[in-house]
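What follows is the residue order along each chain.
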Amino acid sequence: MVKSKKKKKMAGKKTIEKKSKKFKAAEKPKEREELLLQPLRGMKDILPADQPYWDQVRRVSEKLSRDYGFARIDLPLLEYTNLFSRGIGEGTDVIEKEMYSFLTRGGDKVSLRPEMTAGICRAYIQHGMNMLSKPVKLFSTGPAYRYERPQEGRYREHYQVNYDAFGEQDAILDAQIIQVALRVVQNLGIKAIQIQVNSIGCPTCRKEYRELLVNYLESKKNKLCQDCKRRMEFNPLRTLDCKEDKCCQVGATAPQSIDHLCEECRTHFKNLLEYLDELNLPYTINPHLVRGLDYYTKTVFEIWSGQEDGRKYSLGGGGRYDGLMKTLGGEDTPAVGFALGVERLIGEMKRVQAKPYKYPKAKVFLAQLGDFAKKKSLGLFSELEKNGILVAESFGRGSLKSQLKVADRLGVEITLILGQKEALDQTVIVKNMKTGVQEIVSADKLVDLIKKKLKADNVIVYHNGEGNGNNHSGNNGENNNNV
Ligand code: HAM
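Residues numbered from 1 in each chain as written. Predicted model: local features only at pLDDT ≥ 70, side-chain atom pairs only at ≥ 80, totals over all residues. Heavy atoms only, no water.

J.: What's the story with the packing of aromatic side chains in this structure? I'm lost.
T.: Two aromatic rings are characterised by how far apart their centres lie and by the angle between their planes. For the structure shown, the criterion picks out 13 aromatic pairs. Residues Phe-70 and Tyr-163 carry aromatic rings whose centres are separated by 5.4 Å and whose planes lie at 85° to one another, so their mutual orientation is edge-to-face. Separated by 93 residues along the polypeptide, Phe-70 in the loop between helix H2 (51-67) and strand E1 (71-72) and Tyr-163 in strand E6 (residues 157-166) bring together distant segments of the chain. For the pair shown, Phe-70 and Tyr-163 are each scored as buried. By the ring-pair criterion, three or more aromatic residues cluster together here, those being Phe-70, Phe-139, Tyr-163, Phe-301 and Phe-338. One residue, Lys-44, lies across the ring of Tyr-155, its end atom 4.8 Å from the ring centre. The lysine or arginine in question, Arg-156, covers the ring of Tyr-147, its NZ or CZ lying 3.8 Å from the ring centre. (Phe/Tyr/Trp six-rings, centres within 6.5 Å; stacked < 30°, edge-to-face > 60°. Helix = DSSP H or I, 4+ residues; strand = E, 2+ residues; numbered from the N terminus. Buried < 20%, exposed > 50% of the residue type's maximum accessible area, 1.4 Å probe, protein only. Lys NZ or Arg CZ within 6 Å of the ring centre and 35° of its normal.)

Laid out in structure tokens, this is it:
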């Protein structure tokens, strides 16, 4: 008994020693890794100064999605890796070289989405959207991740606006999708653009075309770049849009997919071109356009910026992908869609000096003087805001002079002054900033008076604390953007 007590004591001592050693180790200052105060390569912050451009893209793209009947869908940024590898295709650059993939703590193989289409199809299948009346049109926007070599207009994190329509095989949907893409770009003020279209056929006719192309490429193998030599085996169509000079030369005389379409694909393409003609859309048939994702069938298209120096810049692209839903285990469902790259749209807007969104400016300033008035001013501000009146303030400042200076700088029409006396009397001084005329108004009449003084279109009313759809934009008539 005595012995075991001693043993226990010894064991306790050892544990304490162990613990204190551990504690000491933890206490020792660790070598700190250098803290890099910058985003990862190929990623960027979107600062307030740039937000008017982003807001313009958001507003234009969301409005057009509603106008053309697309319902919004938001998906996780992370999905199981095999959703992308199966959907986009093992042999594509996106899957082979560009995915951000890792194992979770639970052992799941996951990837940051490199694009949105595979995720949208996953959600479509999972949520039984095949039961909805067709076409099911979905709009999505957000970031996508590709581990590419960053350069102008190419980032490792980029944003897309994405439109997809499911359940309709008629080429009229392809034409409408191209029309939407064009409307987004044009409504952002980007006028000089080119629509490039092609048809890469269906799996049946593509099989024959692929054989023909591989035979041709075999005969020119020594003129191809290393990448294309490899692509010949996995993805021979991709050799056609390789940017290397020598591959372009080989591609120029290569057999073209549109000459080898089956009857159904040929008719589909012919119908598409007729619809585009009917819409008077300025398109070019580009037999080398193949796109970098494996799921496309029949129609493929891109929207290029038309730069004066002849440089072509793809603002967005898409096409038909009739086989993807089935590949992912869903019901056979034809589909067509596109995505535009937001950074590229903004880059182009800046280049052509298109207008960013102009935020509504406050026309009323609220100044306060003295402790009691300062307390009351918070409630008054909120009362005005609830009634749709945009108010500026500088509550941190004490002196009236400095507050009036701010009001002047903001160029407001009216300054409201709440002093100690007014706060006690429940009145407010209303100062016309142009004429300098002041009047004392009872606080309960203030909202109506201000509404009358400001033009009606400067008043943005939010019902029950929620912005109503139209007014949420805060369009006060100042914004002449084409939305
Ligand atoms: P994508 O052509 O790979 O298509 O990407 C769409 C657009 O996103 C490109 O045209 C480009 O403007 C932009 N983009 C792509 N990668 C980058 C990058 N690294 N940096 C900046 N911008 C980039 C797709 O993603 C398909 N899922 C589109 C689609 C939707 N097809 C059918 N539905």
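What follows continues from the structure just given.
J.: Sorry, what's going on with the environment of Ile-177 here?
T.: Here Ile-177 is to be found in helix H6 (residues 171-187). Taking the C-alpha atoms as reference, Ile-177 lies 9.8 Å from Arg-320; in sequence the two are 143 residues apart. Residues in contact with Ile-177, not counting those within four places in the same chain, are Phe-70, Tyr-163, Phe-301, Val-336, Gly-337 and Phe-338. (Contact = heavy atoms within 4.5 Å.)

J.: Help me understand the pairing of strand E4 (residues 109-112) in this model?
T.: Side chains on a regular strand alternate between the two faces of the sheet. One ladder, built from three bridges, connects strand E2 (residues 78-80) with E4; its direction is antiparallel. Residue pairing for E4: Leu-78 is matched across the bridge by Leu-112. Across three bridges, strand E3 (residues 101-103) lies against E4 in antiparallel orientation. Residue pairing in the sheet places Phe-102 in a bridge with Val-110 of E4. (Pairing = 2+ DSSP bridges.)

J.: Any chance you could explain the site of the ligand here in plain terms?
T.: With respect to spatial proximity, 26 residues lie near the ligand, and among them Glu-115, Glu-148, Tyr-155, Asp-164 and Tyr-296 are the closest. In this structure, a nitrogen atom belonging to the ligand sits 2.6 Å away from a side-chain N or O atom of Glu-115. Arg-146 places a side-chain nitrogen or oxygen 2.9 Å from an oxygen atom of the ligand. Protein burial of the ligand: of its 660 Å² of free accessible surface, 96% is covered by the chains. Among the elements of the structure, E6, strand E10 (312-320) and strand E11 (335-341) are those that each provide at least two residues to the shell around the ligand. Here the shell around the ligand gets five residues from one element, more than from any other, and that element is E10. (Near = heavy atom within 4 Å. Polar contact = N/O pair within 3.5 Å; in protein donor to acceptor, adjacent residues only side chain to side chain. Areas by Shrake-Rupley, 256 points an atom, 1.4 Å probe, with all protein chains shown as cover.)

J.: Would you take a moment to explain the sheet that holds E4 for this structure?
T.: Consider a sheet: its strands pair through backbone hydrogen bonds, and that pairing is either parallel or antiparallel. On the basis of which strands lie adjacent, the open sheet formed by three strands has the order E2-E4-E3 and antiparallel pairing. Unpaired on one side and paired on the other, E2 and E3 mark the two borders of the sheet. Across the sheet, the mean angle from the axis of one strand to that of its neighbour is 35°, orientation sign disregarded. Taken strand by strand, helix H3 (residues 81-88) contacts E2, E3 and E4, and its axis lies near 75° from that of E2. (Axes fitted to C-alpha atoms, helices over the stretch in contact; angles between N-to-C directions.)

J.: Looking at this structure, how should I read the packing of H2 against H6?
T.: Any two packed helices are characterised by how steeply their axes cross, that is the angle between the axes, and by the distance between the axes. Close contact between H2 and H6 brings their axes to 9 Å; oriented N to C, the two are set at 145°. H2 and H6 meet at a crossing whose hand is right-handed. For the pair formed by H2 and H6, the contact residues are Val-60, Ser-61 and Leu-64 on the first element and Arg-183, Val-184 and Asn-187 on the second. Here the contact of H2 with H6 is composed, by residue class, of three nonpolar, two polar and one charged. (Left-handed = near helix turned anticlockwise from the far one by under 90°. Nonpolar A, V, L, I, M, F, W, Y, C, P; charged D, E, K, R; others polar.)

J.: Help me out: how do you make sense of helix H8 (residues 226-234) in this one?
T.: For an α-helix, 3.6 residues make a turn, and residues three or four places apart therefore share a direction. Along H8, the residues classified as buried are Cys-228, Arg-231 and Met-232. Viewed end-on, H8 has its buried residues packed into an arc of 115°, placing them on one side of the element. Relative to its buried face, H8 has exposed residues pointing more than 90 degrees away, namely Gln-226 and Glu-233. Lining the buried residues of H8 we find helix H4 (93-97), helix H7 (203-219) and helix H9 (245-252). (Arc of directions from axis to C-beta.)

J.: Explain the pattern of salt bridges here, please?
T.: When the charged atoms of two side chains with opposite charge come close together, those side chains can pair. Within this structure, the stated rule accounts for 25 salt bridges. Residue Glu-264 is joined to Lys-298 by a salt bridge in which the shortest nitrogen-to-oxygen separation is 2.8 Å. Taken together, the residues Glu-264 in helix H10 (residues 263-278) and Lys-298 in strand E9 (residues 297-306) connect sequence positions 34 residues apart. A salt bridge links Glu-413 to Lys-363, with the shortest nitrogen-to-oxygen separation between them at 4.0 Å. Pair noted here: Glu-413 is in the loop between helix H14 (400-410) and strand E14 (414-418) and Lys-363 is in the loop between helix H12 (342-351) and strand E12 (364-368), with a separation of 50 residues, a long-range link. Residue Glu-413 is classed as partly exposed on the basis of its relative accessible area, which comes to 30%. Put simply, Asp-93, Glu-96, Lys-97, Asp-227, Arg-230 and Arg-231 are held in one network by salt bridges that share partners. (Salt bridge = Lys/Arg side-chain N within 4 Å of Asp/Glu carboxyl O.)

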